[in-house]
Amino acid sequence: MKEETSRLIKEFVHQNIDSFHLRRIENIKSLKLKQVLKNKNPYLFRAKNLNRADELVSALLDARQSSSEEGSFGGFLEELAIYVAKITVGGEKSGIEGIDIELKRDEVRYLIAVKSGKNWGNASQHAKLRDNFKRAVKVLKQSRYVGEIQPTLGIAYGNFKTVNTGGFLHIGGQSFWNLISDDPHFYVDLIEPLGHESEKFNEKFDEEKSASYNRLTREFVNEYCDADGKIDWPRLVNFVSGNL
């Protein structure tokens with residue numbers, strides 16, 4: 001990574017990553033027991049023999065937090081990719097629905113939709129992305145000066161081969177960051193600035209996480225344990241699935 005690019009990336013991260021950490025802390029502080037239990041599989045936890053309230057609550061919270069953080073950080077990573085393309089290869093944030101970045105390389109105009117990980121979205125969201133690509137290409141081809149257009153799904157991380165599906169280019173990991181930065185080592189160099197003040201935020205997060213575990217465990221014991229302290233599985237199953 002060039003020195004000036006490195007400086008700009010660090011400034012961007014310093015200015016924007018705080019919001020990710022603050023959302024993590026706020027999310028863990030505001031969790032309610034019913035939020036955590038809703039749509040979870042009580043049969044799985046019974047099969048895993050999780051008979052202690054603290055173990056069960058911990059498993060529920062860890063699963064929820066991992067999913068929440070992946071989504072929250074994914075949004076930050078997508079904004080970072082747009083910024084990287086702008087300062088390195090002259091890309092720009094697209095105004096076309098469903099397209100994040102537009103840039104031109106080797107006489108090809110790339111229309112890039114950025115996703116943080118490979119396993120994003122459901123079938124309807126995938127179909128919508130394909131429709132967005134088709135509409136964007138149709139509009140742009142009305143100009144005889146546009147040249148070759150390449151719709152592209154760019155994935156921020158993952159070790160998989162670049163594939164041209166016929167409708168769009170599916171690219172990720174090192175190849176994606178190289179496309180938007182013209183630097184094959186960028187994907188590795190990017191890791192260092194992302195650690196900005198993470199230790200400070202993690203201390204606060206761990207403090208709030210422990211408090212939330214204790215609070216929700218107490219609520220769980222009051223709501224779903226019997227007088228002997230055993231988990232009342234029928235009551236728990238009824239909360240999650242009862243609908244008659």
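Look above for the structure.
This structure is a prediction, so every number in the text was calculated from the model and none was measured. (Residues numbered from 1 in each chain as written. Predicted model: local features only at pLDDT ≥ 70, side-chain atom pairs only at ≥ 80, totals over all residues. Heavy atoms only, no water.)

Trainee: Would you mind showing me how to read the pattern of salt bridges here?
Mentor: Two side chains carrying opposite charge are able to pair once their charged atoms lie near each other. Here the structure, examined in full by the defined rule, presents 13 salt bridges. For the salt bridge of aspartate 54 with arginine 52, the shortest nitrogen-to-oxygen distance reads 2.6 Å. Using a relative accessible area of 47% as the deciding quantity, one classes arginine 52 as partly exposed. Put simply, lysine 93 and glutamate 79 hold a salt bridge, and the shortest N to O gap is 4.0 Å. Here glutamate 79 lies in helix H4 (residues 53-89) and lysine 93 lies in strand E1 (residues 92-93), a separation of 14 residues in the sequence. For lysine 93, a relative accessible area of 53% corresponds to the exposed category. (Salt bridge = Lys/Arg side-chain N within 4 Å of Asp/Glu carboxyl O. Buried < 20%, exposed > 50% of the residue type's maximum accessible area, 1.4 Å probe, protein only. Helix = DSSP H or I, 4+ residues; strand = E, 2+ residues; numbered from the N terminus.)

Trainee: Honestly, the sheet that holds strand E6 (residues 169-172) in this entry has me stumped. Any pointers?
Mentor: Hydrogen bonds between backbone groups are what pair the strands of a sheet, and the pairing can be parallel or antiparallel. In space, the 6 strands of this open sheet follow the order E1-E2-E3-E4-E6-E5, with mixed pairing throughout. Of all the strands in the sheet, the pair left with one neighbour each is E1 and strand E5 (163-164). As paired strands, strand E4 (residues 148-155) and E6 are joined by 4 bridges and run parallel to one another. Looking at E6, one finds that glycine 154 is bridged to isoleucine 171. Of the strands in this sheet, E1, strand E2 (101-105) and strand E3 (108-115) are in contact with H4, which crosses E2 at around 35 degrees. (Pairing = 2+ DSSP bridges. Contact = heavy atoms within 4.5 Å. Axes fitted to C-alpha atoms, helices over the stretch in contact; angles between N-to-C directions.)

It is worth stressing that arrangement in space is one thing and function is another; only the former is reported here.
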